[in-house]
Amino acid sequence: MAFTAAIPIPSSLPLYLYSPPFHNENFVPLSSNNLKVNDRPRLRSLSAPADPNSKPKLIVAAPEKARKGSDVLVEALEREGVKYVFAYPGGASMEIHQALNRSNIIQNVLPRDENGGVFAAEGYARASGRPGVCIATSGPGATNIVSGLADALLDSIPIVAITGQVPRRMIGTDAFQETPIVEVTRSITKHSYSVLDVEDIPYIVKEAFFLANSGRPGPVLIDIPNDIQQQLGVPNWDKPLQLPGYSFRLPKSPETGHLQQILRLISDSKKPLLYVGEGCMNSSEELRRFVDLTGIPVATTLMGLGAFPSTDELSLQILGIHGTRYADYAVDKSDLLLAFGVRFDDRVTGKIEEFASRAKIVHIDNDPAEIGKNKQPHLSICGDVKKALAGMNRLLEETGVMYDFSSWREELNEQKAKYPLSYKTIGEAIPPQYAIQVLDELTNGNAIISSGVGQHQMWAAQFYKYREPRQWLSSSGLGAMGFGLPAAMGAAVARPDAVVVDIDGDGSFIMNAQELATVRVENLPVKIMLLHNQHLGTVVQWEDRFYKANRAHTYLGNPSKEAKIFPDMLKFAEACDIPAARVTKKSEVREAIEKMLETPGPYLLDVIVPHQEHVLPMIPSGGAFKDAINEGDGRAAYCLLMILLHLIWVL
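Residues numbered from 1 in each chain as written. Predicted model: local features only at pLDDT ≥ 70, side-chain atom pairs only at ≥ 80, totals over all residues. Heavy atoms only, no water.

(A) Structural detail: the sheet that holds strand β5 (residues 107–108). With parallel pairing, the six strands of this open sheet are ordered in space as β5-β4-β6-β7-β9-β8. Looking at the sheet topology across the chains shown, the edges are occupied by β5 and β8 (191–194). Where β8 lies against strand β9 (residues 219–225), four bridges are found, and the strand directions are parallel. The residue of β9 that forms the bridge with Ser192 is Leu221. Against the sheet, helix α2 (residues 94–101) contacts β4 (84–87), β5, β6 (132–136) and β7 (159–165), and its axis sits at roughly 150° relative to β4. (Pairing = 2+ DSSP bridges. Helix = DSSP H or I, 4+ residues; strand = E, 2+ residues; numbered from the N terminus. Contact = heavy atoms within 4.5 Å. Axes fitted to C-alpha atoms, helices over the stretch in contact; angles between N-to-C directions.)

(B) Layout of the sheet that holds strand β20 (residues 526–532). Pairing in this open sheet of six strands is parallel, and the strands run β18-β17-β19-β20-β22-β21 from one edge to the other. At either margin of the open sheet sits one strand with a lone partner, and together these are β18 (472–473) and β21 (580–583). Bridging between β21 and strand β22 (residues 603–608) involves four bridges; their strand directions are parallel. Within β22, the position partnered with Val583 by the bridge is Val607. Here helix α16 (residues 432–442) sits on the sheet in contact with β17 (448–451), β19 (500–505), β20 and β22, set at roughly 160° to β20.

(C) Molecular detail of the pattern of salt bridges. Taken as a whole and judged by the stated rule, the model has 28 salt bridges. Between Glu183 and Arg186 there is a salt bridge whose closest N-O contact spans 3.6 Å. For Arg582, the salt bridge identified is with Asp606, shortest N-O distance 3.0 Å. On the criterion of sequence distance, the pair formed by Arg582 in strand β21 and Asp606 in strand β22 is long-range, its members being 24 residues apart. Residue class for Arg582 comes out partly exposed when judged on its relative accessible area of 30%. For Asp606, a relative accessible area of 0% translates into the label buried. Put simply, Glu122, Arg126, Asp151 and Asp155 are held in one network by salt bridges that share partners. (Salt bridge = Lys/Arg side-chain N within 4 Å of Asp/Glu carboxyl O. Buried < 20%, exposed > 50% of the residue type's maximum accessible area, 1.4 Å probe, protein only.)

(D) Inspection of a nonpolar patch on the surface at higher detail. Nonpolar side chains collect at one region of the surface, where Ile510, Met511 and Phe572 lie side by side and expose about 250 Å² of accessible area between them. In this fold, Phe572 is placed in helix α22 (residues 569–575). Using a relative accessible area of 30% as the deciding quantity, one classes Phe572 as partly exposed. (Patch = residues over 30% accessible without salt bridge, like charges linked within 9 Å, V, L, I, M, F, W, Y side chains within 5 Å. Areas by Shrake-Rupley, 256 points an atom, 1.4 Å probe, with all protein chains shown as cover.)

(E) How the structure looks around the packing of α16 against helix α23 (residues 589–598). Two elements in contact, α16 and α23, have axes whose closest approach is 10 Å; the angle formed by their N-to-C orientations is 50°. By the angle between their axes, α16 is oblique relative to α23. Relative to α23, the crossing made by α16 is right-handed. Every residue of α23 that contacts α16 at Tyr434, Ala435, Val438, Leu439, Glu441 and Leu442 is listed here: Val589, Arg590, Ile593, Glu594, Met596 and Leu597. Per-class residue counts for the contact of α16 with α23 are nine nonpolar, no polar and three charged. (Parallel < 35°, antiparallel > 145°, perpendicular 65-115°, else oblique. Left-handed = near helix turned anticlockwise from the far one by under 90°. Nonpolar A, V, L, I, M, F, W, Y, C, P; charged D, E, K, R; others polar.)

(F) Here's a closer look at the nonpolar core. Counting residues in hydrophobic clusters, the biggest one holds 54 residues, and the most contacted among them are Ile262, Ile266, Leu274, Phe290, Leu338 and Phe340. Looking at this core, the element that brings in the most residues is helix α14 (residues 385–399), giving six residues. If sequence neighbours within four positions are ignored, Leu274 has contacts with Leu287, Phe290, Val291, Ile296, Pro297, Val298, Ala299, Leu338 and Phe340. By size, the runner-up hydrophobic cluster in this structure holds 52 residues, among which are Ala136, Val182, Phe509 and Leu530. (Core = buried A, V, L, I, M, F, W, Y, C linked by side-chain atoms within 4.5 Å.)

(G) View of the pairing of strand β11 (residues 272–276). Burial runs high along β11: five of the five residues are buried. Both faces of β11 are covered, namely the face carrying Pro272, Leu274 and Val276 and the face carrying Leu273 and Tyr275. For β11 and strand β14 (residues 336–340), the ladder comprises five bridges, and the chain directions are parallel. Bridge pairing in β14 places Leu273 opposite Leu337.

Here it is, written out as C-alpha cells:
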C-alpha cells in the first residue's frame, strides 16, 4: 500500500533526511538482477542553511515501492543507526547478504565462524554502548551463536541477532539445516521473534532494538524464513511501538524520599562501602561525583571495572573470589553496603549467608528480578542508577552535608599496605602478572582490554588499572572461552581510535583462532598478548589445591614432545600474515611489548609463562572471606606430591 508522508528527522541526526526512494516512475518488481544501489532510500547529508533564521525545507517522501523482505530488513537496520554487522552467510541467509551488498551504509565484517561473529558483536556493544548486530544462517549457523546470546544475557549486553530460516512451508519437516532456533533461544534472550509476514519486518526490527537497549539490556533474536526474505512488500515505517506491559515494568525515576533515606543511612554509618557493577557503566560521571561528595570507598565487580578509576585512592579494585584482600575485607567489616547496579553473583559473594553479614544493604538496580533474588536488602530501589546517583548528588550539594569516614579509610589503607597484590619472580621465568603490569605502564592504562576466560582473565582484572568505562571486555557471567580475540575485533571496529589488546590464554585463544584471518583481512589493529602456559590454568590451579595436583586432561601440549612448545602459535599468525614474536625471558618482556604496540596493524606476542602460577587471593567455592587462600602455588603442590611419591616408593 503506497503512502505519502513527511518523514520526521531523528533528533540524533538533525542534518539528515531521507531522499526519495526511486528515481524511476515505472515500477519494476525488484530482484537481485535489476535492483541497483541507488534504487534504495539513502541518507544524504544536507548542509546547514546559509541564513540562520531560515528553516530547512521539509522534504516529502515519494510513495514507497514494493521491495524484497531482505532489502526492507537492511533499511530497517540502517534506520536504527547500524553501520557494522558481523555476518556469516549460508543458504538461508543469502538474500540478506545480497541486500547488505547493496547498502552504502552498512559494512559487513566477515567473521570466520558464527561464534566469532556473535562475540565480535558483543565486543562492539561493550566497547561502544550501542547494540551489536550479528547475522547467521539457519541450523548450525544459528546454533553457533547460542553461547554468545547466553553470554550477552548474563552480562546485560545489547545484541540483535538475525538468523535465516528454512521457508515457512518447510518449518517442522526436519528440512536440511532446520533448527527451531526461537525455541532454543527463548530462555537466553530478552525476546525471540519468528517473522511470518514481510510487512512485520519494520516494526519487529524497531521493537527488537528498543528491547535490546532498554531496561536491563540484553540479546534479542529475529528469525526470518528464506521465503519472507524473498517476498515483496511495501514497508510501513510509521507504526508506533506498542509495548504497554513492558513499558510499565521499565524502571521509574527514584523518589526523592527514598534517596533521602539512603543519605540518612550513610549519615548513621561508620564503615560504608560502595559495591558497584556493570549497571554503573553508564553513570560513571555521577558515581565519581558521589564518591567526591561522600568519601566512601569503592569496590567493583569484574563487570564493573572502569566505572570508577582503579587508580583512585578510594578504589579497592575488584571484590569476590579473586578480588583483592582489602576489598573483601571491606565487605566483611562494613556496616553499610551500597550495592549499585549489581546482582550479588556467587563469584562475588561466596557463601551468601556470610557476605556483608554486619552491614545494612541498599540495593539499586533496574531489573526487578534481581532485587532480593540472592541477598535480601534493607532498602531497595528498582530504578535507573544514573538518575539515583544524580538525585543524591543534587541533595548533597543542596544541603552541604559533609561526611567523615577518615578512620575507616585509614583502616582500609592499612590493609592495602599489608596485603597488596603481589607475585613471585623465579629467575628469568616470566610472571604473567608482570607482563600485564608492563602493558599497563606502556599504554598509560588507556587501552581497551579484552580477555578470554581463565587465569589470564583474573590477572588482567587485577593488574591492569582501568580508568574509564568500557575499557574492559570480558565474558564474566557465562565464562565463555574463545571470547577474547573476536571481542577485541568488535572493539577495534567500534573504537578505531583506541589501542585494543586481547590478553588471552592459549586454551581460550585457540577456540577462536580462526578470527586471525578476519583481523588480517580487515586490517584491524588488534594486539594479542598471549599468556601461554600449555595448560588449562584455572582447572590446573583447582587440581593443585583440591585434587592433590592430579592432572586430568588439563595439559594442552604434545605429551610425546613435552620439551617443545605446542601448538606453535607463531605459525597460526604466520598463516594469516600477522607479525608475531615469542618472548621467554622476563628481561625481554618490556622490549617485546613495546615492539608489539609500535607495530602498525595486528600483532601477536607469545609470552611463555609457568603453568604453576596461581591466581591469588582465592576464596574456595562455597567459602567466605575467612576461608581465603592468600599464598602458595603449583610449585609447592608439585614438590609435595613428589615427596609423597618418593616416600611411598622408599617404603
